[in-house]
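Observations on chain architecture
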Amino acid sequence: MENLKEIRTRIASIQSTKKITSAMKMVAAAKLKKVQDAVLNLRPYTNKLSDMLMEIAQNVGPEHIQSDYIRQPQDEDGKILLVVITSNKGLCGNFNSNIIKKTVDIVNNKYANENSKGNVFLYTIGKAGTDFFSKNSYNIYDSTADILDNAAYNTILPVMNRIMRAFVEKEFEIVEIVYNKFKNAAVQILTEEKFLPIELNIEEERELDSNLYIFEPNKEYIVKELIPKKLRIQFYEAILESIAAENGARMTAMHKATDNAQDLIKELRLKYNKARQSAITKEISEVVGGAEALRH
């Protein structure tokens, strides 16, 4: 059995850990509030932009739409790029491990044939993903981590443009994004999202009400300009969703860690009191026994 000094040391150590986890929980909550507002404000804009693009594209007709981002994959064994968004820091539960497992599953199963598997490249965003895939000898096309610390649109823009340019120049036939989508502080939705080539899903042409819309210079030009804007907003939204999910996961993990520390402190204090009571009882018994021996 542990002596009283060892138990006191453990209690002090856990109390220090509890203070750290509690502070990290509050920091994550503050960051979550800020990025959550940004995500919720961006979603309506993204949805409306997609709806507007789809509506105009249906009116124009597929044969009149000219864009480098719509081409169909021409080579079945062409290169595939997975944009994997993880975090720069840990202590966020299974946030990173879920993304890594999903990416490994995509590489090994979805693109399982020998030719495609060797042609799957990763663009890792976040140190956790970069470290894992680099150590395990995956094909790393490029990596970055700084944009997660300053997730402004202009900061992320060079990364978006590079990926889009690589597709236009036919370095890759398909580009997908793997990330955690924010639902609430306790729930993250593991998402595999098609990024390029863009799919408009145009079934039939339909005439728009000319009283509601004025097109300048023309509908074909507007669709051509909207497509890259839609792609950039989609990529930017994925980054914000991942950051919000990360902070939600960290806040939840630190909340659980704080509660577990409190429970462990209670158990150790009960153990300490029992050990102290046992030691006092033993000392009393020794004193009484010594007194009886002297009297006889």
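This text goes with the structure placed above it.
Sequence order sets the numbering: in each chain, residues are counted from 1 along the sequence as written. At least 70 in pLDDT is required for a residue's local features to be given in this predicted model, at least 80 for side-chain atom pairs to be given and counted, and no such filter applies to totals for whole chains, interfaces and linings, which use all residues. Computation of side-chain values covers all heavy atoms of the structure but excludes hydrogens and water.

**A few points about the pattern of salt bridges**
Our working rule: Criterion for a salt bridge: a side-chain nitrogen of Lys or Arg within 4 Å of a carboxyl oxygen of Asp or Glu. Runs of E in the DSSP output that reach at least two residues are strands. Runs of H or I that reach at least four are helices, and both are numbered from the N terminus.
What the rule picks out here adds up to seven salt bridges. Notably, a salt bridge pairs Asp142 with Arg162, separated by 2.0 Å at the nearest N-O pair. Of this pair, Asp142 sits in strand β3 (residues 140-144) while Arg162 sits in helix α6 (residues 153-168), and the two are 20 residues apart along the sequence. Overlapping salt bridges bring together Lys102, Lys110, Glu176 and Glu192 as one network.

**As for the nonpolar core**
This is how it is decided: Buried Ala, Val, Leu, Ile, Met, Phe, Trp, Tyr and Cys residues that are joined via side-chain atoms within 4.5 Å together make up what is termed a nonpolar core. Partly exposed describes any residue whose relative accessible area lies between the buried limit of under 20% and the exposed limit of over 50%, with all areas from a 1.4 Å probe on protein chains only and scaled to the type maximum. Any two residues having at least one pair of non-hydrogen atoms within 4.5 Å are treated as being in contact.
If you look at the biggest cluster of nonpolar residues, it comprises 54 residues, and the most contacted ones within it are Val83, Ile125, Ile163, Val175, Phe195, Phe235 and Ile239. Every element with two or more residues in this core is listed here: α1 (4-60), β1 (80-85), β2 (120-125), α5 (146-149), α6, β4 (174-184), β5 (187-196) and α7 (219-295). If near-sequence neighbours (up to four positions away) are discounted, Val175 is found in contact with Leu81, Val83, Ile163, Phe167, Lys194, Phe195 and Leu196. Listed in part, the 14 residues of the second largest apolar core include Ile80, Ile100, Val104 and Val178.

**Observations regarding the sheet that holds β3**
Within a sheet, adjacent strands bond to each other through the backbone by hydrogen bonds, running parallel or antiparallel. Heads up, the condition is: Only when DSSP finds a minimum of two bridges between them are two strands counted as paired. Geometry is summarised by axes, namely lines fitted to C-alpha atoms with helices restricted to the contacting stretch, and by angles between N-to-C directions that run from 0 to 180 degrees.
Here we have five strands laid out as an open sheet, ordered β3-β2-β1-β4-β5, and mixed in their pairing. In this open sheet, the two strands that pair with only one neighbour each are β3 and β5. Sheet twist, expressed as the average angle between the axes of neighbouring strands with direction ignored, equals 20 degrees. In this structure, β1 lies alongside β2, joined through six bridges in parallel fashion.

**Quick notes on the side chain of Glu246**
Mapped onto the elements, Glu246 comes out in helix α7. For Glu246, the residues in contact, after removing those within four places along its chain, are Ser87, Cys92 and Phe95.

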